[in-house]
Amino acid sequence: GAFHTHTAHTRIHTHIHTYVMQAAVVALRQTGRLAMLQPACAVAAARRALSSTSAVAEGKTSGFTANNNTNNSGSTTKGPTGILLMNMGGPPTLKDVHSFLLRLFSDKDIINLPMQKYLGPFIAWRRSPGIQKQYEAIGGGSPIQKWTELQGQGMVKLLDTLSPQTAPHKFYVGFRYAEPLTESALKQMKADGVQRAVAFSQYPQYSCTTTGSSLNNLRHKLQEYGMTDVKWSVVDRWPTHPVFVEAVVRNIVDAIAKFPAERQSEIVLLFSAHSLPLKTVDKGDTYPHEVAATTLAVMEALEKRGIRLPHRLVWQSKVGPLPWLGPQTKDTIKNYHRQGKKSLLVVPIAFTSDHIETLYELDLEYGQHLAAELKDPELMLRRSESLNGSPTFIEAMARIVSEHLSAGHPASKQLALRCPGCVSDNCGETKAYFVPRK
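Residues numbered from 1 in each chain as written. Predicted model: local features only at pLDDT ≥ 70, side-chain atom pairs only at ≥ 80, totals over all residues. Heavy atoms only, no water.

1. Regarding the overall build of the protein
Item 1. Each helix and strand in the protein was counted, giving 15 helices and eight strands.
Item 2. Residues classed as buried in the protein amount to 58% of the 438 residues present. (Helix = DSSP H or I, 4+ residues; strand = E, 2+ residues; numbered from the N terminus. Buried < 20%, exposed > 50% of the residue type's maximum accessible area, 1.4 Å probe, protein only.)

Rendered as structure tokens:
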């Protein structure tokens, strides 16, 4: 049950041994056998460049993909500095749900199953109809690619001004489980002649199940495609970057303003992040304390604005019967309502773009269905917006990469250190690849 930190949409409600038996039956029926299956002026100029981008200002996407060059200088003398935006991705249409789940359940960094070669495809097949209904309820697919492309477009415009010495910059979207996949991005980077690249994790807080999985996959693909001559560095975490924190704070302030004035002082802030199995935490995964660090930084920034509200860090999307980080977001909402807390503001603190965990789980499952179940007309259960097309967040992305390029480090100090309980050779090899010992 060591599931990926962002996989609420892959819920399994049956014991593993049942799936094993059913998978075996399916395999036997199909094949007849079982053995298959800067400077202030630079910042100001950069902000003007960002505000002049109508796609960013209007919150729209221009259809920018890994095949579109964002080089504003017109230079053809060298390949661009490539910025690979790594995330799990999401199925853009209902017909893509099965392939998304198939890739997800084949990833041993998320869940290590017995007979995974057979059981993974079976679970993907079994879960697809239910997950398709969830995506249908939020519009027919995940918007994460749209938001990632929008963010990337704004980021590279700012980067060309903030870091002219490494310009031109071009972003590439490298999703783990949906198109555009990491391998698609790498093929385009190779065609573009990229010699300097940054693997930029879009998970603010590091986990072996998210950023770690993406980096493992990236290393394998680089070796497979013979791209070992490209100079890579990694932005592997950024939980307390001040501009990122400011972007979250602004969305919270906007959400508070939508409560009636007389109830704003009663609000309880619930910072909600995807949960993690305790057996993963016990190995030493840094995710819980990095999420807590983000929460603390946001609360301190709010207090500087004169906003003093109680808060809790809660965890959503628990899967299966094994113990996970708690308290669970759903249980917390119920319990606080029972205690008479009727002004609750949920803040997605580990998600930078809307996807199924925000649009379905938080908005529909909790915001509508759970609220209706509680049958209290006085309950105000609301959510702050995800960062999506926020110009402040896009500036944060550009600053994070610019500062990383300027520092010249291969990654954070934390990346090279394995979890004390780590037994994965794959993890050790990836860390050594991106942060070689001197």
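The discussion continues.
2. A few points about unusual backbone geometry
Item 1. Residue Pro-180 follows Glu-179 across a cis peptide bond; omega there is 0°.
Item 2. Checked against the element boundaries, Pro-180 lands in the loop between β2 (169–175) and α7 (182–191).
Item 3. For the peptide bond that leads from Gly-326 to Pro-327, omega is 5°, which places it in the cis range.
Item 4. Take Pro-327: it is sitting in the loop between β6 (311–316) and α12 (329–338).

3. Some points on the sheet that holds β6
Item 1. Strand order in the open sheet formed by four strands is β6-β5-β7-β8, with parallel pairing between adjacent strands. A strand with exactly one partner marks an edge of an open sheet, and here the two such strands are β6 and β8 (380–383). Neighbour-to-neighbour, the strand axes of the sheet open up by a mean angle of 25°, direction not taken into account.
Item 2. Sitting on the sheet, helix α9 (residues 242–257) is in contact with β5 (268–274) and β7 (343–348), with an inclination near 155° to β7. (Pairing = 2+ DSSP bridges. Axes fitted to C-alpha atoms, helices over the stretch in contact; angles between N-to-C directions. Contact = heavy atoms within 4.5 Å.)

4. What about the side chain of Arg-383?
Item 1. Within the element layout of this structure, Arg-383 appears in strand β8.
Item 2. Engagement of the side chain of Arg-383 in a polar contact is seen with the side chain of Asp-363, the distance being 2.6 Å.
Item 3. Only 3.1 Å separates the side chain of Arg-383 from the side chain of Ser-386, close enough to count as a polar contact.
Item 4. For Arg-383, the residues in contact, after removing those within four places along its chain, are Leu-345, Val-346, Pro-348, Asp-354, Thr-358, Leu-359, Leu-362 and Asp-363. (Polar contact = N/O pair within 3.5 Å; in protein donor to acceptor, adjacent residues only side chain to side chain.)

Scope: geometric values only; no functional claims are made or implied.
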